[in-house]
Structures are given as C-alpha cells and as structure tokens.
Amino acid sequence: MRLGNWLTAEQGETLWQSPDAQRRRGKRDRALLAVLLACGLRRHEAVDLNFSHLQQREQHWAIVDLMGKAGHTRTVPMPDWVKAVLDVWLTDAGITSGRLFRRVNRAGRVWGDGMTEKVVWHVVREFAEKAGIDKLAPHDLRRTCARLCHAAGGELEQIQFLLGHVSIQTTERYLGCKQRIRSAVNDRIGIEPKGEWRTVGPVLASLGVGAHYNSPAWPPVTRKEYGFRRWSSGCVLNGTRACPSTHSSSCATIWTRFSNRFDLSGTSGLRS
C-alpha cells in the first residue's frame, strides 16, 4: 500500500501561492490548490464543485452535501481565506453558477462548463516542480491537509469527518500515525492516585540501568519511600550503597534521568 507524500506547512503555502496571481489562469490555479490543500478534497470532488455546494453553516463557510467516494456525502468546512482566494477567481472569471472550476485557454478566456481531473493533475505537478517539490500527486495534498490539521491540534475524529473516511484506521494511515506505548496517552488522564505505586525495576531499566536491577524483581513502592538520592559520587537505595561495577551508566547520569522524569520531593508523580 502506497502511503504517499506529505508537505510541511511552509511547502504547502509556497505551493498554492506559486501560480501568477495577475493572470486569470493563475487565479484559478491558486484557488484550486488552496481548496485541495485546506479542504482535503479528492480530484473528482474538486472538479465537481458547484455554487450549490457553497453555503454557510454555523456562521462558517462550508462545502455542503459533497458526494465523495462510494457515494458517501459529507460537509467540509472551508476556511475564510480559502473562500477569499476562490472568490478572486470566480469574480475575475465572471462565474456565477454551475461548476466553480473551468478551463482557461492560453489567451486567458474561460470556456466550457467545467474541467477534467487530468487538468488537476497537471496543475499540481506543474507548480510542485516550480516549488522544488519532487513527485507530488494531487492526493498528497489531501494527506497533507490531514497531517497539518493533526499538527495544529485537530482531533482525529474531526479529521475523519473532514476527509469523509468510513474507517478511522484510514485516517490514521493518512497521518502516518503509529501507536505509542512509552509515554502513552492514557498514562496521565487525571484519575491516577497522587502517590501511585509502581515497580521500580522496569522504571530504572527504561532509564538505562542494567538488568541486574530487575532480578530479583524489586517490590512495588512509592517513589517517596524508595526514591533515588545522590550520595557523594554514587547513589544510595534506602541507605544501602547500590553502585555495582556492572552499572550500564554512571550514577550521575542515572540520577539526572531519574530526577528529570520524576518529582522526587514527594509523591506528586511524573514531571509535566
């Protein structure tokens, strides 16, 4: 399965601003690239856009009742800046009904009642090349929209709505996500006890301490009762020197890692 490419925010901005804003075709291409990048539309969805799709919902512009893949319909929010860029093209082209994107000939004359998906492909490839972006396809702009929304703090289910995915797993693939076990999302959700108990051995192992600390397994204790403390050039564990020669890291390094990760002044838990 091909995952495709993603653009950074800077690359995306450079891409949609690449067409010449003084020419009619450039105005169309800027509007098209802005819609693809900011609204995450597929090629066929973009060429099928018409005036009836543009409506206000909750005091926000939106593409309403958009027919997507497998006949699924969805509503796609349209940022104000995208609507403004689109209006520049529509006003200049004198389009007041029907499809939003039309062919423009070399003389700058608008003709026909729409344009093909192939035109979208050529527009993306032309301006990707001018922006120094290699092997960019129209669908990569849809992936980029998803990732930039996620990077800006967008919730996964809202991105799913935006793209019209039936499966949340498809949205995750668009984002290039993978599950994180260490520092997991459910580690600190506000319901954990302030002085929670944990097995110290695995904690130390995660900080780079040798396996000898895990065998035999250390008993579960609170960090306040069983914390690491510096003692001259070494460490002490409940008053007992614990610096075997097989230490995988220096005591100072272990102390730094441990104290940076935990609040050792009490039992308040992981440092934020």
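All of these numbers come straight from a predicted model, not from anything done at the bench.

*Asks:* I'd like to hear about the confidence of the model for the protein, residue by residue, with values.
*Replies:* For the protein, per-residue confidence averages 74 on the pLDDT scale, and residues scoring 70 or more make up 65% of the total. Taking the mean pLDDT of every element in the protein, the minimum, 34, falls on strand 8 (residues 229-231) and the maximum, 96, on strand 4 (residues 103-104). The low-confidence segment residues 196-205, where pLDDT is below 50, has 30 contacts with residues more than four positions distant or belonging to other chains. Segment residues 207-272: pLDDT under 50, and 115 contacts once partners within four positions in sequence are set aside and those in other chains are kept.

*Asks:* Now, about the packing of helix 2 (residues 24-39) against helix 4 (residues 80-93): what can you tell me, with residues and values included?
*Replies:* Relative orientation and spacing of two packed helices are given, respectively, by the angle between their axes and the distance between those axes. Relative to each other, helix 2 and helix 4 sit at 150°, their axes nearing to 9 Å. As judged from the angle between their axes, helix 2 and helix 4 are roughly antiparallel. Seen along the crossing, helix 2 lies across helix 4 with a hand that is left-handed. On helix 4, the residues touching R24, K27, R28, R30, A31, A34, V35 and A38 of helix 2 are W81, V82, V85, L86, V88, W89, D92 and A93. When grouped by side-chain class, the residues that make up the contact of helix 2 with helix 4 number eleven nonpolar, no polar and five charged.

*Asks:* I'd like a rundown of the pairing of strand 3 (residues 73-77), residues and numbers included.
*Replies:* Within a regular strand, the side chains alternate between the two sheet faces. The two faces of strand 3 differ: R74 and V76 on one face are buried, but T73, T75 and P77 on the other face are not. Across four bridges, the pairing between strand 2 (residues 60-67) and strand 3 is antiparallel. Bridged to A62 within strand 3 is P77. Count of turn residues in the strand 2/strand 3 antiparallel hairpin: five residues, of which A70 carries a positive phi of about 60°.

*Asks:* Please give an account of the packing of helix 6 (residues 138-151) against helix 7 (residues 156-163) that cites residues and values.
*Replies:* Their axes nearest at 10 Å, the elements helix 6 and helix 7 cross at an angle of 155°. Between helix 6 and helix 7, the angle is such that the two are roughly antiparallel. When you trace helix 6 past helix 7, the crossing you get is right-handed. Two secondary-structure elements touch here, helix 6 through R142, C145, A146, C149 and H150 and helix 7 through I159, L162 and L163. Partitioned by chemical class, the residues of the contact of helix 6 with helix 7 number six nonpolar, one polar and one charged.

*Asks:* I'd like to hear about the packing of aromatic side chains, residue by residue, with values.
*Replies:* As enumerated under the stated definition, the model contains one aromatic pair in all. Between W16 and W81, the aromatic rings sit 5.0 Å apart at their centres with planes inclined by 35°, giving tilted as the arrangement. One end of the pair, W16, is in helix 1 (residues 9-16); the other, W81, is in helix 4, and 65 residues separate them in sequence. For R103, the ring lying beneath its charged end belongs to W111, and the centroid distance is 5.0 Å.

*Asks:* Summarise the side chain of E45; cite the residues concerned and give the values.
*Replies:* Secondary-structure assignment places E45 in helix 3 (residues 43-47). Using a relative accessible area of 0% as the deciding quantity, one classes E45 as buried.

Calculation notes
- Residues numbered from 1 in each chain as written.
- Predicted model: local features only at pLDDT ≥ 70, side-chain atom pairs only at ≥ 80, totals over all residues.
- Heavy atoms only, no water.
- pLDDT = per-residue confidence, 0-100.
- Helix = DSSP H or I, 4+ residues; strand = E, 2+ residues; numbered from the N terminus.
- Contact = heavy atoms within 4.5 Å.
- Axes fitted to C-alpha atoms, helices over the stretch in contact; angles between N-to-C directions.
- Parallel < 35°, antiparallel > 145°, perpendicular 65-115°, else oblique.
- Left-handed = near helix turned anticlockwise from the far one by under 90°.
- Nonpolar A, V, L, I, M, F, W, Y, C, P; charged D, E, K, R; others polar.
- Buried < 20%, exposed > 50% of the residue type's maximum accessible area, 1.4 Å probe, protein only.
- Pairing = 2+ DSSP bridges.
- Phe/Tyr/Trp six-rings, centres within 6.5 Å; stacked < 30°, edge-to-face > 60°.
- Lys NZ or Arg CZ within 6 Å of the ring centre and 35° of its normal.

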